[in-house]
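Here is what each chain is made of, one letter per residue.
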Amino acid sequence: MIDMQHAINVSALAQKVSFELAISEAGRILLSAAGLFHDIGKLGVPAELLNKPDALSSDEHKIIQWHTTIGYHMLNNMPDAIHKFCAQAALYHHERIDGSGYLMLTGEQIPFSARLIAVVDIYDALTSDRPYRQAWSQDDAVDFLNEQAGIQLDPMIVAALIASVRNAAMSPHS
């Protein structure tokens, strides 16, 4: 089961952050699509694990980690470049620049698209209710991202996300 609201939120945030980073319109469209598809591999994970209100066991956590690989294969088998771009983001969006992610890639080894999706994915996950915890406030989520900038998360992308959510909060039309 995929949390469609989360996918929509990640897509919209990816577009806002990419706009903040002055990425081309074509690039913003690709990153928005990557946000929509980043968790598609969760279709291959049992719903009871995804919705479990308690802590996951080590084995359960390993099963959930497979969603990145499942999503990669689903998307990479499509014949077009958009899905192949999204496949990279799906595979690597749980990588951390310090090497503490699922596949232990570091820094620039992680595609830019995946580094961006990682930041917006974490922000949306933190600021949304989950079966196992209440949503964090925007300020607490921003503080966490700032703490992880340069450690687990790309600092340039973190700064762009913070600027985009603060700009949205100040805009009367967002």
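The following refers to the structure shown. Fair warning: this is a prediction, and the values are worked out from it, not measured in the lab.

Conventions we followed
Residues numbered from 1 in each chain as written. Predicted model: local features only at pLDDT ≥ 70, side-chain atom pairs only at ≥ 80, totals over all residues. Heavy atoms only, no water. Helix = DSSP H or I, 4+ residues; strand = E, 2+ residues; numbered from the N terminus. Expected span 1.5 Å × (residues − 1). Buried < 20%, exposed > 50% of the residue type's maximum accessible area, 1.4 Å probe, protein only. Contact = heavy atoms within 4.5 Å. Polar contact = N/O pair within 3.5 Å; in protein donor to acceptor, adjacent residues only side chain to side chain. Core = buried A, V, L, I, M, F, W, Y, C linked by side-chain atoms within 4.5 Å. Patch = residues over 30% accessible without salt bridge, like charges linked within 9 Å, V, L, I, M, F, W, Y side chains within 5 Å. Areas by Shrake-Rupley, 256 points an atom, 1.4 Å probe, with all protein chains shown as cover. Salt bridge = Lys/Arg side-chain N within 4 Å of Asp/Glu carboxyl O.

Between its first and last C-alpha atoms helix H5 (residues 81-92) spans 17 Å; for 12 residues at 1.5 Å apiece the expected length is 16 Å, and the two agree. What H5 keeps buried is the set His83, Cys86, Ala87, Ala89, Ala90, Leu91 and Tyr92. Structurally, H5 contributes buried residues whose contacts are with helix H2 (25-37), helix H4 (58-76) and helix H6 (112-126). The N-terminus of H5 is capped by Asp80, whose side-chain oxygen sits 3.3 Å from the backbone nitrogen of Ile82.

What follows concerns the nonpolar core. Val17, Leu116, Ile117, Val120, Tyr123, Leu145 and Leu161 are the most contacted members of the largest nonpolar core, which totals 38 residues. Sorting the residues of this core by element identifies helix H1 (4-20), H2, H4, H5, H6, helix H7 (138-148) and helix H8 (155-170) as the ones contributing at least two each. Considering every element that reaches this core, the biggest residue donor is H6, with eight residues. Apart from the residues lying within four places of it in its own chain, the contact partners of Ile117 are Val10, Ala14, Leu31, Ala34, Gly35, His38, Ala89 and His93.

Next up on the list: the environment of Asn146. On the secondary structure map, Asn146 appears in helix H7. Note on Asn146: relative accessible area 43%, which makes it partly exposed. Through-space distance from the C-alpha of Asn146 to that of Ala135 is 18 Å; in sequence the pair is 11 residues apart. Setting aside anything within four residues of it in sequence, one finds Asn146 in contact with Val158 and Ile162.

If you trace the backbone, Arg133 turns up in the loop between H6 and H7. Take Arg133: its relative accessible area is 21%, and that puts it in the partly exposed class. Sequence separation between Arg133 and His83 is 50 residues; the distance between their C-alpha atoms is 32 Å. Beyond its immediate stretch of four places on either side in the chain, Arg133 contacts Ala125, Leu126 and Ser128. From its side chain, Arg133 meets the backbone oxygen of Leu126 in a polar contact 3.5 Å long.

A contiguous nonpolar patch, built from Met4, Ile8 and Leu36 and spanning about 270 Å² of accessible area, is present on the exposed surface. By the secondary structure assignment, Ile8 is in helix H1. Given a relative accessible area of 43%, Ile8 falls into the partly exposed group.

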